[in-house]
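A closer look at the structure
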Amino acid sequence: MSDWQKRYQRLLFDRPHPKVLRVTMNRPDKYNATDSIMHTELVNVWRDIDGDDTVNCVIIQGAGGKVFSAGGDFDLIEKNMKDFNALLRTWKEARDIVYNVINCSKPIVSTMRGPAVGAGLVAGILADVSIASKKASASETVMPSTSAMLRPRKVISSASRL
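What counts, and at which threshold
Residues numbered from 1 in each chain as written. Predicted model: local features only at pLDDT ≥ 70, side-chain atom pairs only at ≥ 80, totals over all residues. Heavy atoms only, no water. Helix = DSSP H or I, 4+ residues; strand = E, 2+ residues; numbered from the N terminus. Buried < 20%, exposed > 50% of the residue type's maximum accessible area, 1.4 Å probe, protein only. Contact = heavy atoms within 4.5 Å. Areas by Shrake-Rupley, 256 points an atom, 1.4 Å probe, with all protein chains shown as cover. Core = buried A, V, L, I, M, F, W, Y, C linked by side-chain atoms within 4.5 Å. Expected span 1.5 Å × (residues − 1). Polar contact = N/O pair within 3.5 Å; in protein donor to acceptor, adjacent residues only side chain to side chain. Pairing = 2+ DSSP bridges. Phe/Tyr/Trp six-rings, centres within 6.5 Å; stacked < 30°, edge-to-face > 60°.

Some thoughts on the overall build of the protein
In terms of regular secondary structure, the protein is built from four helices and nine strands. Written out in order from the N terminus, the α and β elements of the protein read β-β-α-β-β-α-α-β-β-α-β-β-β. Taking all 162 residues of the protein together, 45% fall into the buried category. Looking at the protein alone, contacts between residues at least 24 apart form 67% of all its contacts between residues at least 6 apart. As displayed, the protein offers around 8,800 Å² of accessible surface, 56% of which is attributable to carbon and sulfur atoms.

Observations regarding unusual backbone geometry
Even without a glycine there, the phi angle at Y31 is positive, about 55 degrees. Counting through the fold element by element, Y31 comes out in the loop between β2 (20-25) and α1 (36-50). Residue classification places Y31 among the exposed positions, given a relative accessible area of 54%. Not every positive phi belongs to a glycine, and N32 is a case in point at roughly 60 degrees. Among the structural elements, N32 can be located in the loop between β2 and α1.

Considering the nonpolar core
L11, W46 and I49 are the most contacted members of the largest nonpolar core, which totals 31 residues. Those elements giving two or more residues to this core turn out to be β1 (11-17), β2, α1, β3 (57-62), α3 (84-103), β5 (108-112) and α4 (118-125). Of all the elements, α1 adds the most residues to this core, at six residues. Setting aside its immediate chain neighbours within four residues, W46 contacts V58, I60, N100, V101, C104, I108 and A123.

Regarding the environment of S133
On the secondary structure map, S133 appears in the loop between β7 (129-132) and β8 (137-139). The exposure class assigned to S133 is partly exposed, which follows from its relative accessible area of 24%.

Looking at α3
The end-to-end C-alpha separation of α3 is 28 Å, in line with the 28 Å expected for 20 residues at 1.5 Å each. Residues of α3 that are buried include every one of A86, L87, T90, E93, A94, D96, I97, V98, N100 and V101, and no others. Contacts made by the buried residues of α3 are with α1, α2 (74-82), β5 and α4. The backbone nitrogen of N85 lies 3.0 Å from a side-chain oxygen of the residue at the head of α3, namely D83.

A closer look at the sheet that holds strand β6 (residues 115-117)
With parallel pairing, the three strands of this open sheet are ordered in space as β4-β6-β8. The two strands at the open ends of the sheet, each matched to only one other strand, are β4 (69-70) and β8. Where β6 and β8 come together, three bridges link them in parallel fashion. For V117, the partnering residue across the bridge sits in β8 and is S139.

So, the packing of aromatic side chains
This model, assessed by the stated rule, comprises three aromatic pairs. Considering the side-chain rings of W4 and Y8, the 6.0 Å spacing of their centres and the 85 degrees angle between planes classify their relative orientation as edge-to-face. Taking the relative accessible area as the measure of exposure, Y8 reaches 10% and is therefore buried. Taking 5.4 Å as the distance between ring centres and 75 degrees as the angle between the ring planes, the aromatic pair formed by Y8 and F13 counts as edge-to-face.

Now the structure itself:
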């Protein structure tokens with residue numbers, strides 16, 4: 001495990017292959033809902049991965065296998081509703097997630113099962129390759145201004161014919 005990986009609390013890392021890093025959004029008890037910690041980690045992880053010479057490719061997934069990401073957790077949403085500065089910080093981080101995923105020089109593959117919402121959706125749909133199961137669904141309701149940026153480079157659905 002690299003030193004930078006030890007800083008993360010909500011993202012787990014493992015290596016299915018020596019040069020492939022798998023990132024797992026890990027809050028299965030909350031359907032991988034993004035709290036303020038995970039939101040910040042989804043900003044920073046792409047820069048850390050980009051600077052890691054031991055990584056050639058990245059896979060991102062949700063823990064538990066049923067839900068990719070349930071979006072922002074209720075505590076984060078409530079805090080944003082009550083504190084304008086917290087809302088601004090979350091918006092800035094949301095923008096930074098978009099930019100950092102796009103600017104990561106390592107190929108990113110997302111494996112989406114079940115719902116994908118919010119920051120998890122952004123990371124999943126902006127991946128270089130997005131693999132979606134038949135039960136995958138995507139929804140972005142919090143920041144419609146970012147919807148135009150959410151255009152996948154390549155989507156592979158298990159229902160599609162390759």
